[in-house]
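# Coordinate analysis (summary)
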Amino acid sequence: MTTLAAPQPDRPQDSARITPAGLLRRRAEQSPDALALLDPPNRRILAPSAPRRLSFGEADIAVEALAAYFAHVGLEPGDCVAVQLPNLVESPLTLLAAWRAGLTVAAVPMLWRATELAKVCDLLEPAALIGMSSCAGERPANLLRDVAATRLSIRFVMGFGTDLPDGVASLDDAILDGPAPGFVPRANPGLALITFTARAGEPVVPLVREEKDLLLQGAMTVMALPLDRHDVILNPYPLTGPIGITLGLAPWLIGGTALALHDPFDHAVFVQQILTTGATVTALPGTVLDRLLEEGVVTDPQCALRHVGRVWAAPNLGDRLAAEAPADRGGFDLYPLGDLACVIERDGRRQERGTLPAGVFQITDHGETTAFLETALVAGPEPDTKDIAVRGPLIPKLRAFADTAHDSGARDARSYVTTGLRGEMRNGRLAVLRDPELVYHGGFTIAASELDGLYQAFPRFLDAACFVVADPVMGDRIFAAVVPDPSMPVSLAALRDFLNERSVASYKWPDKLLIVRTIPRDAEGRILRDQILKQI
């Protein structure tokens, strides 16, 4: 039986524990002037300052200063800090600084608003919130300050950028002041990164990663492609989910590459970055990659890409995207495993498109074989359904924060964790099937029951439910089927205003309203989403 064991990324001469922040320090000592981080050229739209380029030496000094500041204000090892930052250089710097200070980071999506932030604060009781003074016309730091005002656990609100509101400490000033003398990096007691997903009936499910989980994910990417210090990774995915970790943060540290960041997705800016940053690695949704191929960007003489990846976003794993990366461009497929982790397969054109490897996933590099995870089908929650489950060192834990000493029970007797994806075997590989109780929209996994509750709360509806239509770019387009109160006017704008007033994230708003006579349900009251369209 294949052993599932983590690789030794750098094999240091001493027995010191390898950590993400320790790898940054090592890169800074080895190549202090080598390029480490690049902001997107449109940074001024996202934040009130010019794009930044940092060497490994500069990045390490900034991380040391931030870590020393966190320790100076009284944050202790094991404290949780909720970080809501766009995909700019501040994001990886803050994560690494928190880990160097021994803190746990809860990575919060930028689109989350007060409703979602309050749920996470109640669940995790963070000691600090970190954000930006402004981003794309919004004032995130103001929102964090307002959320903190009603949460006793939050002792600090910190932020980057100019014109921070009263009560929010400037982390830019902390970097300018430099590392405090006498600061000693502190060991992380175990939990490094918390990201969030959803399961059927559970709107917010925390996923806990230890530092070794992050490094193993990076080692997989570096070995699969392979990558080295001469590569430049262009990452358009935020560091709040498995794709951003797999494509950006983790391989950047393991491989010693440069990391070019992009946020939010802007096609023209992304093309500019491909042609001007010397990017050698990137991955995109299939439709976006197809557009780059049609426009000739990937074959442009200025394009240095040598690894072009197609991200398969559940549940739209299929063969309908025909265009492939050119043969001289080392194509690869990147499969998210229900927000738990990702798998990278090189030259997926030889496989059945859009299917996952079944069984043990391993990579052979320089004569050594490393097994990263194992996939299997397990009994699903509904009769005659099967769920895709995974186990192995790459898989983070689902943890119940009411009792952080124990797992939430998601692992079965064989240590498998369900991914939230339904599946079936197809020609020896796993094909992903739609789960009607999960919505995949713009990179987010949403519990359909949460959307039902939000729409049903609108006072002009007698009943309501969400349903989706597959979209090649967004994954799912969200619709609201509604039974209106005949005595009251109904409009999509009114529903959106209602959700906005309740500070619900905009990606949960429906694209359209469809008026129906009734919301179909089974004998146990469960919504029959596949029957909603039959009424139209």
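Whatever comes next refers back to the structure up there.
The notes below deal with the structure included here. (Residues numbered from 1 in each chain as written. Predicted model: local features only at pLDDT ≥ 70, side-chain atom pairs only at ≥ 80, totals over all residues. Heavy atoms only, no water.)

## Quick word on the pattern of salt bridges
The cut-off we apply is this: Put simply, a salt bridge is a Lys or Arg side-chain nitrogen that is within 4 Å of an Asp or Glu carboxyl oxygen. Starting at the N terminus, helices and strands are each numbered in turn, a helix being any DSSP run of H or I of at least four residues and a strand any DSSP run of E of at least two. For each residue, the accessible area found with a 1.4 Å probe, counting protein chains only, is set against the maximum for its type, and the residue is called buried under 20%, exposed over 50%, and partly exposed in between.
Summed over all chains, the structure comprises 30 salt bridges. The salt bridge involving Asp60 is made with Arg25; its shortest N-O contact spans 2.8 Å. Of the two residues, Asp60 sits in helix α3 (residues 56-73) while Arg25 sits in helix α1 (residues 20-30), which places them 35 residues apart along the sequence. Looking at Asp60, the relative accessible area reads 9%, which means it is buried. Under the relative-accessibility criterion, Arg25 is labelled partly exposed at 26%.

## What to know about the packing of helix α5 (residues 114-124) against helix α6 (residues 140-148)
Two quantities define a packed helix pair, namely the angle between the axes and the distance from one axis to the other. Formally: Structural elements are reduced to axes, namely lines fitted to C-alpha atoms, with helices fitted over the stretch in contact, and the angle between N-to-C directions of any two is expressed from 0 to 180 degrees. To sort the angles, those under 35 degrees are grouped as roughly parallel, those over 145 as roughly antiparallel, those from 65 to 115 as roughly perpendicular, and the leftovers as oblique. For any pair of crossing helices, the crossing counts as left-handed if the nearer helix is rotated counterclockwise from the farther one by less than a right angle, and right-handed if it is rotated clockwise. It only takes one pair of heavy atoms within 4.5 Å for two residues to be counted as in contact.
Across the interface, α5 lies against α6 with an axial gap of 10 Å and an inter-helix angle of 45°. Overall, the two elements α5 and α6 adopt an arrangement that is oblique. Of the two elements, α5 crosses α6, and the hand of that crossing is right-handed. On α6, the residues that touch Ala114, Leu117 and Cys121 of α5 are Leu143, Leu144 and Val147.

## So, the state of the cysteines
The condition that has to hold: Disulfide: a pair of cysteine sulfur atoms within 2.5 Å of each other.
Tallied over the full model, the rule gives zero disulfides. Not engaged in a disulfide, the cysteine Cys80 finds its nearest cysteine sulfur in Cys121; these two sulfurs lie 8.7 Å apart. The exposure class assigned to Cys80 is buried, which follows from its relative accessible area of 11%.

## What about α6?
The α-helix advances 3.6 residues per turn, and as a result positions three or four apart in sequence lie on the same side. For clarity, the threshold we go by: The arc in question is the one spanned by the directions pointing from the helix axis to the C-beta atoms.
If you check which residues of α6 are buried, you get Pro140, Ala141, Leu144, Val147 and Ala148. In a view along the axis of α6, the buried residues occupy a sector of 120°, so they form one face of it. Against the buried residues of α6 lie α5, β5 (128-132) and β6 (156-160).

## Considering empty space enclosed by the protein
How we decide: Cavities and pockets were defined on a 1 Å grid built over protein atoms only: a cavity is a set of grid points that admits a 1.4 Å probe from which the probe cannot escape, a pocket is an open set flanked by protein on both sides within 12 Å along at least five of seven lines, and lining residues are those with an atom within 4 Å of any such point. Grid points are joined across faces, edges and corners, and a volume is the space filled by probe spheres set on the points. Residues are grouped as follows: Ala, Val, Leu, Ile, Met, Phe, Trp, Tyr, Cys and Pro are nonpolar; Asp, Glu, Lys and Arg are charged; all remaining types, including Gly, are polar.
This structure, assessed with the given rule, holds five cavities of 30 Å³ or more. Its volume calculated, the second largest cavity comes out at about 70 Å³. What lines the second largest cavity is Val83, Gln84, Leu85, Pro86, Asn87, Ser91, Leu95, Ala107, Val108, Pro238, Leu239 and Thr240. A class-by-class count of the residues in the lining of the second largest cavity yields eight nonpolar, four polar and no charged.

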